[in-house]
Amino acid sequence: MTVEVTTPDTAAGPSAQTPPPPATPPSASRRRRRAWDEVPRWQIYLPLGIYLLFTLVPFYWVLLFAVRPAGSTSLVPWPMTTEHFEKVWNERSFATFFQNSLLIGLATLVTTTVVALAGGYALARFDFKLKKGFMLALLCSQFVPGALLLVPLFQIFANLRMINSLGSVIIAETVFQLPLSMILISGFIKNVPYSLEEAAWVDGCSRFTAFRIVVLPLLRPGLVAVGSFAFVHSWNHFLFALMFLSSQDKQTIPVGLNTLMGADSVDLGALAAGGVIAAVPVVIVFAFIQKWLVTGFSAGAVKG
């Protein structure tokens, strides 16, 4: 007896093959990326160019008045002169103002960073009563304008005989910068895994040694971000220096710029030259720390 076995015809034509699965639609992110790629470049570069022009024109105007001879109305700074810089640096005591501002800025940077580092570590690694209330108080302190602190701070410094002293401005600037700096540093420390410190403790390190060896090197971008903003704020702050420093040899750059504006007339060339002198250190600082600043903000933005 013969049994016939029927097998499928594998040599059949294309019509007998299994049809391909339907193509899946592109995801939403792919569609958005494709739509972004199809945007004409001029729609991107035109707004950026307008914004850049709007930003750079005031800087060019300041440089123009600073290097243009007195009485000239040319829009091109030629021939260039340094008479305005020599005037403000030598005759208007800007050399002393620059030295005082630099001393206040560096001292505020160091004290703010050190105190914020200690406080931020405590907020990030320890649990204690009223911790949430303390954090809320730090945040709420940022809503208090500096003008409201003038009277109590002036009374305190008067009792301590610190009026007309650079130390009073340094302390005031540090107190003003600490709340936000502590919050930022605590966020950076939370991004460092706690297991790294525990591993250092197992190896025989103390808490301070583990912090110095393991945690501190990883906080470098955050420390640069906090320190740079403390320096820039103290460099540009006008109110505390005006109220707590009375003698001319203790004044800072912002107060010195204010002295260049008289009641009846303003020396635009000297004022522009003083503005350039005030802006150069800040530009140099941000030019050197730009990489660390971006890295620090990126690290503090995402926890984990």
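Please read these numbers as outputs of a predicted model, since none were measured by experiment.

Colleague: Residues and numbers for the nonpolar core, please.
Modeller: Grouped together as the largest cluster of nonpolar side chains are 19 residues, with contacts concentrated most on Ala66, Val88, Phe94, Trp235, Ile253 and Leu257. Where this core is concerned, the elements lending two or more residues are α2 (42-67), α4 (94-125), α10 (220-236), α12 (253-259) and α13 (268-301). Per-element tally for this core: the top contributor is α13, with seven residues. Aside from chain neighbours lying at most four places away, what touches Val88 is Ser93, Phe94, Leu260, Ala270, Ala273, Gly274 and Ile277. Leu117, Met182, Leu219 and Leu223 belong to the second largest nonpolar core, which has 18 residues in total.

Colleague: Can you lay out helix α9 (residues 207-218) for me, pointing to particular residues and giving the numbers?
Modeller: Note: α-helices contain 3.6 residues per turn, so residues at a spacing of three or four share the same orientation. The end-to-end C-alpha separation of α9 is 16 Å, in line with the 16 Å expected for twelve residues at 1.5 Å each. Looking only at α9, the buried set comprises Ala210, Phe211 and Val215. For α9, the angular spread of buried residues about the axis comes to 95°, placing them on one side.

Colleague: Explain the environment of Ala279 residue by residue, including any values.
Modeller: Following the sequence through the fold, Ala279 ends up in helix α13. Taking relative accessible area as the criterion, Ala279 reaches 33% and is therefore assigned partly exposed. The spacing of Ala279 and Trp235 is 44 residues in sequence and 9.7 Å in space, taken between C-alpha atoms.

Colleague: For the side chain of Thr81, give the residues involved together with the corresponding values.
Modeller: Take Thr81: it is sitting in the loop between α2 and α3 (83-91). Owing to a relative accessible area of 19%, Thr81 belongs among the buried residues under this scheme. Here Glu83 takes part through its backbone nitrogen, which lies 3.2 Å from a polar atom of the side chain of Thr81. What Thr81 contacts, discounting residues up to four positions off in sequence, is Ala66, Val67, Arg68 and Pro69.

Colleague: Describe unusual backbone geometry, naming the residues involved and giving the relevant values.
Modeller: Positive phi is not limited to glycine here, since Leu130 has a value of about 60°. The residue Leu130 is located in the loop between α4 and α5 (131-141) in this model. Under the relative-accessibility criterion, Leu130 is labelled exposed at 73%. Even without being a glycine, Asn164 presents a positive backbone phi close to 65°. Within the element layout of this structure, Asn164 appears in the loop between α6 (150-159) and α7 (166-190).

Colleague: So what's going on with the packing of α9 against α10? Which residues, and what values?
Modeller: Interhelical geometry of α9 versus α10 gives an angle of 60° and a closest axis separation of 4 Å. When the axes of α9 and α10 are compared, the pair comes out oblique. On the side of α9, the interface is formed by Leu216, Pro217 and Leu218, while α10 contributes Arg220, Pro221 and Leu223. Class assignment for the residues of the contact of α9 with α10 results in five nonpolar, no polar and one charged.

Colleague: Tell me about the pattern of salt bridges, and please be specific about residues and values.
Modeller: For the structure shown, the criterion picks out two salt bridges. The partner of Glu197 in a salt bridge is Arg125, and the shortest N-O contact between them spans 2.6 Å. Taken together, the residues span a long stretch of sequence, with Glu197 in helix α8 (residues 194-202) and Arg125 in helix α4 at a distance of 72 residues. Judged by its relative accessible area of 14%, Arg125 is buried. Across the pair Lys131 and Asp127 runs a salt bridge, and its minimum N-O distance is 3.5 Å. Overall, the relative accessible area of 17% leaves Lys131 in the buried class.

Colleague: Describe in detail the side chain of Ser101, supporting the description with residues and values.
Modeller: Relative to the elements of secondary structure, Ser101 occurs in helix α4. The class of Ser101 is buried, set by a relative accessible area of 2%. Not counting residues within four places of it along the chain, the set of residues in contact with Ser101 comprises Trp235, Thr252, Ile253 and Pro254.

Colleague: Which residues make up the packing of aromatic side chains, and what values do they have?
Modeller: Throughout the structure, instances matching the rule amount to 13 aromatic pairs. Across the ring face of Phe65, the terminal group of Arg68 is positioned such that the distance to the ring centre comes to 4.6 Å.

Calculation rules
- Positions within a chain are numbered from 1, following the residues in the order the chain's sequence is written.
- Per-residue local features of the predicted model are confined to residues with pLDDT of at least 70, and side-chain atom pairs are confined, for both listing and counting, to 80 or more; whole-chain, interface and lining totals are unaffected and use all residues.
- With hydrogens and water stripped out, all remaining heavy atoms of the structure feed into the side-chain values.
- Residues belong to a common nonpolar core when they are buried Ala, Val, Leu, Ile, Met, Phe, Trp, Tyr or Cys residues joined through side-chain atoms within 4.5 Å.
- To sort residues, take the accessible area from a 1.4 Å probe on protein chains only and compare it with the maximum for the residue type: under 20% means buried, over 50% means exposed, and anything in between is partly exposed.
- Helix and strand definitions follow DSSP, with helices as H or I runs of at least four residues and strands as E runs of at least two, each counted in order from the N terminus.
- We call two residues in contact when some of their heavy atoms are within 4.5 Å.
- Multiplying 1.5 Å by the helix residue count minus one yields the expected span of that helix.
- What the arc measures is the spread of directions leading from the helix axis to the C-beta atoms.
- Within 3.5 Å is the distance limit for a polar contact, defined as a pair of N or O atoms, with the added protein rule that one can donate a hydrogen and the other accept it, and that residues adjacent in sequence qualify only through two side-chain atoms.
- All axes here are fitted lines through C-alpha atoms, helices being fitted over the stretch that makes contact, and every angle between N-to-C directions spans 0 to 180 degrees.
- Roughly parallel here means an angle under 35 degrees, roughly antiparallel means over 145, roughly perpendicular means 65 to 115, and every remaining angle is called oblique.
- Residues are sorted three ways: Asp, Glu, Lys and Arg are charged, Ala, Val, Leu, Ile, Met, Phe, Trp, Tyr, Cys and Pro are nonpolar, and all the rest, Gly among them, are polar.
- Salt bridge, as used here: a side-chain nitrogen of Lys or Arg that lies within 4 Å of a carboxyl oxygen of Asp or Glu.
- Two rings belonging to Phe, Tyr or Trp (six-membered ring only in the last case) form a pair when the distance between their centres is within 6.5 Å. Interplanar angles under 30 degrees mark stacking, angles over 60 mark edge-to-face geometry, and anything in between is tilted.
- We call a charge positioned above a ring when the Lys NZ or Arg CZ atom is no farther than 6 Å from the ring centre and deviates by at most 35 degrees from the ring normal.

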